[in-house]
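One letter stands for each residue in the lines below.
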Amino acid sequence: KMLLSHPLITGPNYETGFFMKSNRYNRGFKWYRGIMPYSSEKEITIEKSPMYFYNQNALERIYEYSRDMKLLLILRDPIIRSISDYAWWLAVKYKGNDTPSYESIVFKNGKPSKSEIITRVSEIELSMYDIYYENLLKLFKREQIYIVNGDKLISNPVPELKKIERFLNIPQYFNDDIFYFSKDKGFFCWRKMNRKTYPPCTMAEPECLNSHNGRKHPNVSSNSLYEVELFLKPHIQRFCTMVPAYVDFHWCS
């Protein structure tokens, strides 16, 4: 959503899931292009899905569509991502009713232990970045992929957005005047662009991340997180050896 506020970036404001959902993919590339907003030759059209990275079939379909496509890979601290995953399930699936503990989902006996971790749950499996990044590199060149520091994108978005602008080779637009921190929401908001004017001008009405992006994380014991970190450590270390030198994740240091 932040990127779509750039006057030269357009795209759907929802997740199409085109490359992952066969009932949509089978409609063909012409149909896919038809659901995209109109854009000029100077504009870049983007779409996003957090699950494309984890779905090998989707990656192969993306490669078939355009093997020269530029890809943005936004990643957070894998431990924080695990808790976010758990928070999402609580909000969407359980909605506060009879909510299971993090431990009951992640550990076989419900008690923190590295040897008892259930690897096939999304809270763990999707934090094994090295496996999925390796699959991505089998199809796309490293220079086609820009790894975005998702933690910094949330805490201080402008520097990260400027890096993305350089990667996409588009004029600099993002600056500190556009963004402001909302104490009520607990994260950054930005001033929207009015695309009906030419050139586009900034609208007074702000836009913020959806409520699920700023969802409060449930409490998880430090002991549980320690055991999860011990289990994920080999995957984290391996991933950190695979990424380009510009990547500055604090969990890679």
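Use the structure listed above.
None of the values given here were measured: they were computed from a predicted structure. (Residues numbered from 1 in each chain as written. Predicted model: local features only at pLDDT ≥ 70, side-chain atom pairs only at ≥ 80, totals over all residues. Heavy atoms only, no water.)

Asker: Which residues make up the overall build of the protein, and what values go with them?
Answerer: Looking only at helices and strands, the protein features 10 helices and 7 strands. Seen through its principal axes, the protein has C-alpha atoms that stretch 60 × 45 × 40 Å. Expressed as a percentage of the 253 residues in the protein, the buried residues total 42%. Counting contacts in the protein only where the partners sit at least 6 residues apart, residues at least 24 apart contribute 63% of the total. Total accessible area on the protein is roughly 14,600 Å²; 51% of this is exposed by carbon and sulfur atoms. The averaged location of the 28 negative side-chain charges in the protein is 4 Å from the averaged location of its 36 positive side-chain charges. (Helix = DSSP H or I, 4+ residues; strand = E, 2+ residues; numbered from the N terminus. Buried < 20%, exposed > 50% of the residue type's maximum accessible area, 1.4 Å probe, protein only. Contact = heavy atoms within 4.5 Å. Areas by Shrake-Rupley, 256 points an atom, 1.4 Å probe, with all protein chains shown as cover. Lys, Arg positive; Asp, Glu negative; His and termini not counted. Charge placed at Lys NZ, Arg CZ, Asp CG, Glu CD.)

Asker: Describe helix α9 (residues 157-168), listing the residues and the values that go with them.
Answerer: Helix length check: α9, at 12 residues, gives a terminal C-alpha distance of 16 Å against a target of 16 Å (1.5 Å per residue), a fit within 8%. One or two residues past the end of α9 sits N169, with phi positive at roughly 60°. (Expected span 1.5 Å × (residues − 1).)

Asker: Tell me about the packing of aromatic side chains, residues and numbers included.
Answerer: Per the stated rule, a full pass over the model turns up 30 aromatic pairs. On the numbers, 6.4 Å between centres and 50° between planes, the contact of F19 with Y25 is tilted. Between Y146 and Y246 the ring centres are 4.9 Å apart and the planes differ by 5°, which places this aromatic pair in the stacked class. Remark: Y246 occurs in the segment after α10 (222-242) and Y146 occurs in strand β4 (residues 145-149); sequence separation between them is 100 residues. The exposure class assigned to Y246 is partly exposed, which follows from its relative accessible area of 37%. Counting every residue linked through ring pairs, the aromatic cluster contains F18, F19, Y25, F29, W31, Y32, Y52 and Y65. (Phe/Tyr/Trp six-rings, centres within 6.5 Å; stacked < 30°, edge-to-face > 60°.)

Asker: Account for the nonpolar core, naming residues and giving values.
Answerer: In this structure, F53, I124, Y133, L136, I147, V228 and F239 are the most contacted members of the largest nonpolar core, which totals 47 residues. At the level of elements, α3 (56-65), β3 (71-75), α4 (78-94), α5 (102-106), α7 (129-137), β4 and α10 are the ones that each hand at least two residues to this core. Discounting residues that sit within four places of it in the chain, I124 has contacts with R81, Y102, V106, I117, I118, T119, V228, F231 and L232. By size, the runner-up hydrophobic cluster in this structure holds 22 residues, among which are Y146, L153, F174 and F187. (Core = buried A, V, L, I, M, F, W, Y, C linked by side-chain atoms within 4.5 Å.)

Asker: Any details on the pattern of salt bridges? Residues and values, ideally.
Answerer: Under the criterion given, the structure shown has 9 salt bridges. Each of D130, E134 and R238 takes part in salt bridges that share partners, so that together they form one network. (Salt bridge = Lys/Arg side-chain N within 4 Å of Asp/Glu carboxyl O.)

Asker: Describe a nonpolar patch on the surface, naming the residues involved and giving the relevant values.
Answerer: There is a patch of nonpolar side chains on the surface, built from W88, W89 and V92 and spanning about 260 Å² of accessible area. Considering the arrangement of structural elements, one finds W89 in helix α4. (Patch = residues over 30% accessible without salt bridge, like charges linked within 9 Å, V, L, I, M, F, W, Y side chains within 5 Å.)

Asker: For the pairing of β3, give the residues involved together with the corresponding values.
Answerer: The alternating pattern of β3 places L71, L73 and L75 on a buried face, while none of L72 and I74, on the opposite face, is buried. Strand direction decides the pairing type here: β3 and β4, joined by 5 bridges, are parallel. Across the sheet, residue L71 finds its bridge partner in β4, namely I145. (Pairing = 2+ DSSP bridges.)

Asker: For the packing of α4 against α10, give the residues involved together with the corresponding values.
Answerer: Where α4 meets α10, the axes come as close as 10 Å, and the angle between the chain directions of the two elements is 125°. The angle between α4 and α10 falls in the class oblique. Once α4 is placed against α10, the crossing between them reads as right-handed. Every residue of α10 that contacts α4 at P78, I79 and I83 is listed here: L225, V228, E229, L232 and I236. Here the residues of the contact of α4 with α10 sort into 7 nonpolar, no polar and 1 charged. (Axes fitted to C-alpha atoms, helices over the stretch in contact; angles between N-to-C directions. Parallel < 35°, antiparallel > 145°, perpendicular 65-115°, else oblique. Left-handed = near helix turned anticlockwise from the far one by under 90°. Nonpolar A, V, L, I, M, F, W, Y, C, P; charged D, E, K, R; others polar.)

Asker: Describe in detail the state of the cysteines, supporting the description with residues and values.
Answerer: Note: disulfide means a covalent bond formed between the sulfur atoms of two cysteine side chains. All chains considered together, the criterion is met by 2 disulfides. Bridging C189 to C208, the disulfide has an S-S length of 1.9 Å. Taking the sign of the S-S torsion, 105° for the link of C189 and C208, the bridge is right-handed. Linking C189 in strand β6 (residues 187-194) with C208 in strand β7 (residues 201-208), this pair joins segments that are 19 residues apart in sequence. Judged on exposure class, the residue C189 and its partner C208 are both buried. For C240, the disulfide goes to C252, at an S-S distance of 1.9 Å. What sets the handedness of the C240 and C252 disulfide is the S-S torsion sign, and at about -80° it is left-handed. Remark: C252 occurs in the segment after α10 and C240 occurs in helix α10; sequence separation between them is 12 residues. Residue C252 is classed as partly exposed on the basis of its relative accessible area, which comes to 26%. Here the protein pairs its bonded cysteines, counted in sequence order, in the arrangement 1-2, 3-4. (Disulfide = S-S within 2.5 Å.)

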